[in-house]
Amino acid sequence: MKVAILMDNGFEELEAMGPIALLRRSGLDVDLVAVEGNSVTGRFGVTYSPTFDMSSYDFNQADCLIIPGGPHYKKIQDNKAVLDLIREFSEHKIIAAICAAPTILGKLGLLKGKKYTCFKDMNEDFGGEYQYQYTVTDGNVITAISAAASIEFAYAIIEKLQGKEHLQEVKKSIYCDAKHS
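Model, not experiment: these values are computed from the prediction.

Turning our eyes to something else, we now look at helix α1 (residues 13–25). For α1, which comprises 13 residues, the first-to-last C-alpha distance of 18 Å matches the rise-based estimate of 18 Å (1.5 Å per residue) to within 8%. For α1, the set of buried residues is Glu13, Glu15, Ala16, Gly18, Pro19, Ile20, Leu22 and Leu23. After α1 finishes, the residue Gly27 shows a positive phi value of roughly 95 degrees.

Below you can see the structure in the form of structure tokens.
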């Protein structure tokens, strides 16, 4: 299975790095996609290069679209091509967003009637049921509350794409003590 992580300059590094490492560890094919250009730099100066440029990336090959949070969410929520892509994924594929990024889904009406989470101070009435917890999966939408939830966010994505048993194997591979799995 293939996952596309969509980022613009200013993304929250922890919300991208943790999931990238864990998703790749789980055997998923992870592509890093920049909204524009062939590199992207996070809010604390970490640069991913090369990345795929969104305009030339084939999103039809991806099973899941992941959007990290961070200050870049403001640019993303104002980008028509990105919003169209999010709408398209929400119809037939899995979409995962963390921290500030779920608010983009909310403003698009994609959280109506769904349980979700996002950075608490950014929660508005998105027509769904806000859950104050690290991650929430409702149908094809996975949301997470903040950078502190990055690992749990990755776990929720792995479970959705590869199943609970595979997730347990991934957990065992990172814990030094099997009782934590």
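Inspection of the entire model under this criterion finds six aromatic pairs. Between Tyr57 and Phe59 the ring centres are 4.7 Å apart and the planes differ by 75 degrees, which places this aromatic pair in the edge-to-face class. Taking 5.9 Å as the distance between ring centres and 65 degrees as the angle between the ring planes, the aromatic pair formed by Tyr116 and Phe126 counts as edge-to-face. Within this pair, whereas Tyr116 is found in strand β8 (residues 115–116), its partner Phe126 is found in the loop between β8 and β9 (129–130), the two being separated by ten residues in sequence. The exposure classification of Tyr116 matches that of Phe126, with both residues buried. By the ring-pair criterion, three or more aromatic residues cluster together here, those being Phe52, Tyr57, Phe59 and Phe89.

With that settled, the discussion passes to the packing of α1 against helix α5 (residues 150–162). For the pair α1 and α5, interaxial distance at closest approach is 8 Å and the crossing angle is 45 degrees. Comparing the axis directions of α1 and α5 gives the class oblique. With respect to the hand of their crossing, α1 and α5 are arranged in right-handed fashion. Residue-level inspection shows Leu14, Glu15, Pro19, Leu22 and Leu23 of α1 in contact with α5, the latter providing Ser150, Ile151, Phe153, Ala154, Tyr155, Ile157 and Ile158. Here the residues of the contact of α1 with α5 sort into ten nonpolar, one polar and one charged.

Moving on, we come to the pairing of strand β1 (residues 2–7). By the criterion of burial, β1 is predominantly enclosed, with six of the six residues buried. Here β1 shows two buried faces, one formed by Lys2, Ala4 and Leu6 and the other by Val3, Ile5 and Met7. Bridge count between β1 and strand β2 (residues 29–34): six bridges; the pairing is parallel. Pairing of Leu6 across the sheet is with Val33, part of β2. What joins β1 to β2 is α1, and the crossover it makes is right-handed. Pairing analysis gives three bridges linking β1 to strand β6 (residues 64–67), with the strands arranged parallel. The partner of Ala4 across the bridge, within β6, is Leu65.

With that settled, consider helix α6 (residues 164–174). Looking at α6, one finds that the buried residues are Leu167, Val170 and Lys171. With its buried residues spanning 100 degrees around the axis, α6 presents them on a single face. As for α6, its buried residues are in contact with α1 and α5.

Take the environment of Gln162 next. Inspection of the secondary structure assignment puts Gln162 in helix α5. In this structure the C-alpha to C-alpha distance between Gln162 and Leu28, which are 134 residues apart in sequence, comes to 8.8 Å. In contact with Gln162, not counting residues within four places along its chain, are Ser26, Gly27 and Leu28. A distance of 2.9 Å separates a polar atom in the side chain of Gln162 from a polar atom in the side chain of Ser26.

Criteria and thresholds
Residues numbered from 1 in each chain as written. Predicted model: local features only at pLDDT ≥ 70, side-chain atom pairs only at ≥ 80, totals over all residues. Heavy atoms only, no water. Helix = DSSP H or I, 4+ residues; strand = E, 2+ residues; numbered from the N terminus. Expected span 1.5 Å × (residues − 1). Buried < 20%, exposed > 50% of the residue type's maximum accessible area, 1.4 Å probe, protein only. Phe/Tyr/Trp six-rings, centres within 6.5 Å; stacked < 30°, edge-to-face > 60°. Axes fitted to C-alpha atoms, helices over the stretch in contact; angles between N-to-C directions. Parallel < 35°, antiparallel > 145°, perpendicular 65-115°, else oblique. Left-handed = near helix turned anticlockwise from the far one by under 90°. Contact = heavy atoms within 4.5 Å. Nonpolar A, V, L, I, M, F, W, Y, C, P; charged D, E, K, R; others polar. Pairing = 2+ DSSP bridges. Right-handed = clockwise from strand over helix to strand, strands pointing away. Arc of directions from axis to C-beta. Polar contact = N/O pair within 3.5 Å; in protein donor to acceptor, adjacent residues only side chain to side chain.

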